[in-house]
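Listed below, chain by chain, are the residues.
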Amino acid sequence: MAFKQVSSPHAHAAQNTAQVMKLVLLATIPGLVALTWQFGWGSFINVVLASVTAVCCEAAIVKMRGRSISFYLGDYSAVVTAVLLGLALPPLTPWWIVVVGTVSSIVVAKQLYGGLGYNPFNPAMVGYVVLLISFPIQMTTWVAPLALLPAGTAHPGLMESLQIVFAGYSPADGVTGATPLDVFKHSSGLLVDQVYDREPLFNQAMFAGAGWEWVNLGFLLGGIVLLTQRIFTWHGPVGMLGALALMSIIFWDSGSSSSPGSPLMHLFSGASMMGAFFILTDPVSSAVSNRGRLIFGILIGILVYVIRAWGNYPDAVAFAVLIANFAAPFIDNYTLPRTYGHTDRRRATEKEEG
Amino acid sequence: MSSEVISDGPSISEVTKNGLWTNNPALVQLLGLCPLLAVTGSVVNALGLGLATMAVLIGSNTIVSLIRNHVSDAVRLPAFVIIIAAFVTCAELLMKAYTYELYQILGIFIPLIVTNCAILGRAEAFASKHHVGYAALDGLMMGMGFLLVLVALGAIRELFGQGTLFASMNLLFGPVANSWMLQPFGENYSFLIAVLPPGAFLVTGLLIAGKNYIDAVLKRRADAQRDRPIKGAKRIRTTGHIS
C-alpha cells in the first residue's frame, strides 16, 4: 500500500461567498413554489420586490461608503436577505411594507453595522420584527390556503395580485384568512380534537395545517439539499427542531383544552422549517463552533415554543432568533473547541501558565 | 485650559459653544439618556421635560456656585443633590399648577430629573469651580443644548411615528396652540417603531452620527485652510523633522 505524500493544506477548495449564497437561493425554490401553489402569487411578488429594493439599498450604501459596488453586490448576500424576508412576509401585503422591511434589513441591520460579516443580528429577521412591531394589522393578515378558498374561486392571478400589492385594491372575500398557529392560539377552551374537527385549516390538512405543511415540507427539502452540500452543519437545525419537538411533547398534555398543540403542528406550521434551515444557519449571526451551534439551535427551539405557547404572538421564530443572536457571543465564549495539538480547550490568545 | 483662564473664567462664547455643541450633554456626554429616550415620543413631551430640566439646571448651577466656598469637599455631593432635589420639587409643583395634563403625561420622569447625571455633572464639573455668572450661563447653555436635542428627537419621532408635528401643544401653551398640529402624511399614517423605545435608540444614534459627520466635515475644511508645514522643515527649539 503506497502512501502518497500530499503537502498541506489538505482542505478542499472552499466555496466562495457568492457560490454559497447562490446555492441558498436555489434551495429556497421548493419553499417558494409551495408558497405560490398554496397561497397565490403574493410571495413571488414579495421576493422580487424585496430583491430589487435590497440591491438598490446595498448599492447606494456601498457607494456612500466608497467601496466597490460590483464586488459587494456580486456576493449575493443582499439578495439572500431579501428573498428570506420576502418569503417570511404575508402574501399580497402592500408594497411599502416590503420596501420598509427591506430597507430596515439592509440599511439598518446590515450596512450600519459594517456590512456582511459584521452584523450581530440576522438582517432578514430585524426587518421582519420592525414590520411586525410597526404594522401589526398588515403583518398578521395572511392569505387562505388553496384548500380553504370558497368553492369555485381561486387566488388572484398575477395581474390582479400586482394591483392588490401596488394599487391598494382589496382582495376578494375569503382570500384572506388566519394561520394555523393563530387559530390554535385563539381556540382556548376546546380540546385539540375538537379544534381539528371544527377548523377547516386542520380538517382539510393531511397532518399539520392546510397549505402550511406543504410550505414547511418545501423548506425542509431545500434545507436537506443544503445540508448534503455541506453549506451548514446539522447542529443548528437539529438543535432547534429537536428542542421544539421535545417541548411540544412535554407540554402536549394529551390534547386537553390547554394543550398548545401537537409536535407535528409545531414542526410543520409557521416558520419552523424555514427558520431551522435558512434563518438560524446564518453563519454571521449564529454561534461559531459545532457545540455552540447545537446550543444556539436548542435555545431558539425552546424560545419559539415558549413564545408560541405562552406569549402574545402566534409565531416566534423572528423574536427567538434575535434573542439567540444576542446570546451567540456568550455561547461562543463557553464553547471554545480544542485546538489541534492542545489537550484542553483554550483561547489562542491565552498565555501559557507558569 | 491653562490656569490663567480658570481664574478669569472661560469666555462667554466658549461656554455657549460648549453647551450647545462641543460638549452637548445629550450628543457628546451622553448624560441624561433615560429621559432623553423615554419621553421624546412627541414635541410637547420633549419640550415640557426639556424646559423643566433647563430651569433646574440654571437654578442648581447658580446656587452651587454661590455656596462653592462654604461647603467642605467631603459633603459636597450630598449638598449638591439636596439643592438639585429642591429645584426639581419646585419645577414639579409649578408644572402641577400650570400644566397639569402635561404633568400627568410626563409622570415619573419629572421627579426623575433629580437623577439626571447631566445636572449633577455640571454642578460638580463646572459650577463648583466657577463664578456665579459663568455657572448660571453654563446651566442655561447646557440646558439649552439638552432641550434642543430633546425637541429634535421628539419632532423626528413624532413625525415618523404618528405622522403629526406639534400635536397637543395646547398642554403647554394653552388654547392658542390648538391649531398648531401639522399632519403632512395624512391622517392614517403610523410607523409604530419610531414611537416605541427602539425608535428612540435609532434616532439618537443617527443624531450622534450626524453631529460627528458635521464635525468631521468642519475639521477637514479647517485643515484644508490651515497653512501646512513644509515637509522636512526643521522645528524651532525642538528636535527632529516634521514627517
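Cut-offs applied
- Counting restarts for each chain, with residues numbered from 1 along the sequence as it is written.
- Chains carry letters from A onward and ligands carry numbers from 1 onward, assigned in written order.
- Local features are withheld for residues below a pLDDT of 70 in this predicted model, meaning they are given only at 70 or higher, and side-chain atom pairs are given and counted only at 80 or more; totals for whole chains, interfaces and linings count all residues.
- Helix numbering and strand numbering both begin at the N terminus, where a helix is a DSSP run of H or I of at least 4 residues and a strand a DSSP run of E of at least 2.
- Once C-beta atoms are placed from the backbone, each residue is buried if 20 or more other C-beta atoms lie within 10 Å of its own, exposed if 12 or fewer, and partly exposed for counts between those two.
- Any residue pair is listed as a contact if its two C-beta atoms, each placed from the backbone, are within 7 Å.
- Our radius of gyration is a C-alpha quantity, and the globule rule it is checked against amounts to 2.2 Å times the number of residues to the power 0.38.
- Those domain boundaries reflect an automatic or database domain assignment.
- Side-chain classes are defined by residue name, with Ala, Val, Leu, Ile, Met, Phe, Trp, Tyr, Cys and Pro counting as nonpolar, Asp, Glu, Lys and Arg as charged, and the others, Gly among them, as polar.
- UniProt positions are given in the numbering used here, feature names are shortened, and annotations may be inferred rather than shown by experiment.
- The predictor attaches a confidence to each residue, and that confidence, scored 0 to 100, is pLDDT.
- What a helix is expected to span follows from its residue count: subtract one and scale by 1.5 Å.
- Think of each axis as a best-fit line through the C-alpha atoms, taken over the contacting stretch in the case of a helix, with angles from 0 to 180 degrees between the N-to-C directions.
- To sort the angles, those under 35 degrees are grouped as roughly parallel, those over 145 as roughly antiparallel, those from 65 to 115 as roughly perpendicular, and the leftovers as oblique.
- Crossings are assigned a handedness: left-handed for a near helix turned anticlockwise from the far helix by less than a right angle, right-handed for a clockwise turn.
- Note on definitions: a nonpolar core is a set of buried residues drawn from Ala, Val, Leu, Ile, Met, Phe, Trp, Tyr and Cys, linked by C-beta atoms within 7 Å.

Summing up its helical and strand segments, chain B has eleven helices and zero strands in all. The helix and strand sequence of chain B, counted from the amino end, reads α-α-α-α-α-α-α-α-α-α-α. Looking at the 243 residues of chain B, the share that counts as buried comes to 36%. In chain B, of all internal contacts separated by at least 6 residues, the share reaching a separation of at least 24 is 77%.

Assigned secondary structure in chain A consists of 18 helices and two strands. The C-alpha radius of gyration computed for chain A amounts to 22 Å, which stays within 12% of the reference 20 Å derived for 354 residues, consistent with globular compactness. Dimensions of chain A along its principal axes, counting C-alpha atoms only, are 75 × 50 × 45 Å. Counting over 354 residues, chain A shows a buried share of 47%. Within chain A, counting contacts between residues at least 6 apart in sequence, those at least 24 apart form 74% of the total.

Moving on to the domain arrangement of chain A. How big an interface is tends to be reported as the loss of accessible area on association of its parts. Residue and element names in this part refer to chain A. Parsing chain A into structural domains produces domain 1 (15-177) and domain 2 (179-335). Each of domain 1 and domain 2 was reduced to a C-alpha centroid, and the two centroids are 21 Å apart. In this complex, domain 1 contributes 34 residues to the contact, which on the side of domain 2 involves 30 residues. Elements with a minimum of two residues in the side of domain 1 that touches domain 2: helix H1 (17-27), helix H2 (29-39), helix H5 (77-88) and helix H7 (123-134). Split by residue class, the side of domain 1 that touches domain 2 holds 28 nonpolar, six polar and no charged.

On to the UniProt feature "transmembrane region" (unreviewed entry) in chain B, then. Residue and element names in this part refer to chain B. Taking the UniProt record as the reference, the feature "transmembrane region" (unreviewed entry) is found at residues 51-71, 77-95, 102-121, 133-156 and 189-210. As annotated, residues 102-121 has a helix share of 50% and a strand share of 0%, and its two end C-alpha atoms lie 27 Å apart. Helix makes up 82% of residues 189-210 and strand 0%, and the two end C-alpha atoms of the span are 26 Å apart.

Time to look at the confidence of the model for chain B. All names here are of chain B. Confidence in the prediction of chain B, expressed as mean pLDDT, is 86, and 91% of residues score 70 or more. Scored below 50 in pLDDT, residues 1-7 shows two contacts in the model against residues more than four places distant or in partner chains. On the interface metric, ipTM, the complex scores 0.76, and its pTM is 0.84.

Residue and element names in this part refer to chain A. Under the present numbering, the feature "modified residue: FMN phosphoryl threonine" (unreviewed entry) in UniProt falls on Thr179. Take Thr179: it is sitting in the loop between strand S2 (176-177) and helix H10 (180-185). If sequence neighbours within four positions are ignored, Thr179 has contacts with Trp142, Trp212, Gly270 and Pro314.

Residues and elements named next belong to chain A. Between its first and last C-alpha atoms helix H13 (residues 212-228) spans 24 Å; for 17 residues at 1.5 Å apiece the expected length is 24 Å, and the two agree. Against the buried residues of H13 lie H1, H2, H10, helix H14 (235-250), helix H15 (263-268) and helix H16 (272-279). Once H13 finishes, Arg230 follows within two positions and takes phi at roughly 60°, a positive value.

Let us now look at the environment of Leu280(A). Residues and elements named next belong to chain A. By secondary structure assignment, the location of Leu280 is in the loop between H16 and helix H17 (290-310). Taking the C-alpha atoms as reference, Leu280 lies 21 Å from Gly311; in sequence the two are 31 residues apart. In contact with Leu280, other than residues within four places in its own chain, are Gly236, Met240, Gly275, Ser286, Phe296, Gly297, Ile300 and Val321.

Attention now goes to the packing of helix H6 (residues 95-111) of chain A against H7(A). Residues and elements named next belong to chain A. Interaxial distance between H6 and H7 falls to 8 Å at its minimum, and their mutual angle equals 130°. Taken as axis vectors, H6 and H7 run oblique relative to one another. By crossing handedness, the relation of H6 to H7 is classed as right-handed. On the side of H6, the interface is formed by Ile97, Val100, Gly101, Thr102, Ser104, Ser105, Ile106, Val108, Ala109 and Lys110, while H7 contributes Pro123, Ala124, Val126, Gly127, Tyr128, Val130 and Leu131. Split into classes, the residues belonging to the contact of H6 with H7 amount to eleven nonpolar, five polar and one charged.

Before going further, it helps to examine the environment of Asn46(A). Residue placement: Asn46(A) occurs in helix H3 (residues 42-64). Separated by 104 residues in the primary sequence, Asn46(A) and Pro150(A) have C-alpha atoms spaced 24 Å apart.

What follows deals with the nonpolar core. Counting 102 residues, the largest nonpolar core has Leu84(A), Met125(A), Tyr128(A), Ile279(A), Phe296(A), Ile300(A) and Val321(A) as its most contacted members. Two domains share this core, each providing at least three of its residues, namely domain 1 (15-177) and domain 2 (179-335) of chain A. Apart from the residues lying within four places of it in its own chain, the contact partners of Ile279(A) are Leu84(A), Asn122(A), Ala124(A), Met125(A), Met274(A), Val317(A) and Val321(A). Ala26(B), Ala55(B), Phe80(B) and Tyr103(B) belong to the second largest nonpolar core, which has 53 residues in total.

A word on the packing of H14(A) against H17(A). Residues and elements named next belong to chain A. Running from N to C, H14 and H17 cross one another at 35°; their axes reach a closest spacing of 7 Å. In the crossing of H14 with H17, the sense of the turn from one axis to the other is right-handed. Contacts from His235, Gly236, Pro237, Val238, Gly239, Met240, Leu241, Gly242, Ala243, Leu244, Met247 and Ser248 of H14 reach H17 at Asn290, Arg293, Leu294, Ile295, Phe296, Gly297, Ile298, Ile300, Gly301, Ile302, Val304 and Tyr305. Along the lines of polarity and charge, the residues of the contact of H14 with H17 split into 15 nonpolar, eight polar and one charged.

With that out of the way, let us pick up helix H11 (residues 197-225) of chain B. With 29 residues, H11(B) extends 43 Å between its outermost C-alpha atoms, agreeing within 8% with the 42 Å of an ideal straight helix rising 1.5 Å per residue. Of all the positions in H11(B), only Gly199(B), Ala200(B), Val203(B) and Thr204(B) are classed as buried.

It is worth spelling out unusual backbone geometry at this point. For Asp253(A), which is not glycine, the phi dihedral falls at a positive 60°. Relative to the helices and strands, Asp253(A) resides in the loop between H14 and H15. Positive phi values are uncommon outside glycine, yet Leu30(B) reaches one of about 50°.

It is worth spelling out the environment of Ser161(A) at this point. All names here are of chain A. Note that Ser161 resides in helix H9 (residues 158-167). A count of 22 C-beta atoms within 10 Å places Ser161 in the buried class. In this structure, Ser161 is in contact with Gly40, Trp41, Gly42, Ile45, Leu92 and Pro156, ignoring residues within four places of it in sequence.

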